[in-house]
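# A structural walkthrough
The primary structure of each chain is shown beneath.
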Amino acid sequence: RNNNNELGMQLYLFNAEMNGFFRVLYDASLFADIVNVWLSTTSDEGIILTEFDRFSLLSDQLAFMLSGYTSAVNYIQFLQKISAKEADNVSYLIWSNIVDALLTVDSLFCAKYNDSRTSSE
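So, here's what we can say about the structure. (Residues numbered from 1 in each chain as written. Predicted model: local features only at pLDDT ≥ 70, side-chain atom pairs only at ≥ 80, totals over all residues. Heavy atoms only, no water.)

Bringing the overall build of the protein into the picture now. Looking only at helices and strands, one finds 4 helices and 2 strands in the protein. For the protein, the proportion of its 121 residues judged to be buried stands at 35%. Here the protein has roughly 7,500 Å² of accessible surface; of this, 56% comes from carbon and sulfur atoms. (Helix = DSSP H or I, 4+ residues; strand = E, 2+ residues; numbered from the N terminus. Buried < 20%, exposed > 50% of the residue type's maximum accessible area, 1.4 Å probe, protein only. Areas by Shrake-Rupley, 256 points an atom, 1.4 Å probe, with all protein chains shown as cover.)

In structure tokens form, the structure reads like this:
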């Protein structure tokens, strides 16, 4: 899907509305543009990224972090940015994905850290 946003840039979003069952790994520059659109668009100006688009981006980024295509640090920074934007949005789909992602990161990294600390004592 090709959209123009209020910043005047064109946005190309693949797998819009999650029409297909596949992941989309954007290059860093295009992904930064998509995140900037997500962060800058308000409902008064018309939403460019639908709820399904935002869910798809969240889901894809978690999958890419888990498979090593993006780092956990980049993924957490992404979550921090979009969580602030979504703070007033009451979307079960988005927030359940954010919470599940944080629990996944916690179970992968924090549990290993806690296990290594207890075994060395």
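Bringing the pattern of salt bridges into the picture now. Applying the stated criterion to the full structure yields 2 salt bridges. When the shortest N-O distance is used, the salt bridge between Asp60 and Arg23 registers 3.0 Å. Highlighted residues: Asp60 in helix H2 (residues 51-66) and Arg23 in the loop between strand E2 (10-12) and helix H1 (28-40), separated in sequence by 37 residues. Given the relative accessible area of 4%, Asp60 is considered buried. Looking at Arg23, the relative accessible area reads 44%, which means it is partly exposed. Between Arg54 and Glu86 there is a salt bridge, with the nearest N and O atoms lying 2.9 Å from each other. Residue Arg54 is found in helix H2, and its partner Glu86 is found in helix H3 (residues 72-86); the two are separated by 32 residues along the sequence. Residue classification places Glu86 among the buried residues on the basis of a relative accessible area of 4%. (Salt bridge = Lys/Arg side-chain N within 4 Å of Asp/Glu carboxyl O.)

Attention now goes to the nonpolar core. Leu58, Tyr75 and Phe78 are the most contacted members of the largest nonpolar core, which totals 21 residues. Of all the secondary-structure elements, those providing two or more residues to this core are H1, H2, H3 and helix H4 (92-120). Residue contributions to this core peak at 5 residues, all from H2. Ignoring anything within four residues of it in the chain, the contact list for Leu58 reads Trp38, Tyr75, Phe78, Leu79, Ile82, Ile94, Asn97 and Ile98. (Core = buried A, V, L, I, M, F, W, Y, C linked by side-chain atoms within 4.5 Å. Contact = heavy atoms within 4.5 Å.)

Here we take up H3. Over its 15 residues, H3 extends 20 Å from the first C-alpha to the last, a length consistent with the 21 Å expected when each residue adds 1.5 Å. Every buried residue of H3 is accounted for by Tyr75, Phe78, Leu79, Ile82, Ser83 and Glu86. Along the axis of H3, the buried residues cluster in a sector spanning 130°; they form a single face. Seen from the buried face of H3, the exposed residues on the opposite side, beyond 90 degrees, are Val73, Gln80 and Ala84. (Expected span 1.5 Å × (residues − 1). Arc of directions from axis to C-beta.)

A distance of 2.9 Å separates the side chain of Glu86 from the side chain of Arg54, its partner in a polar contact. With residues up to four places along the chain from it excluded, the contact list for Glu86 reads Trp38, Arg54, Ile94 and Trp95. (Polar contact = N/O pair within 3.5 Å; in protein donor to acceptor, adjacent residues only side chain to side chain.)

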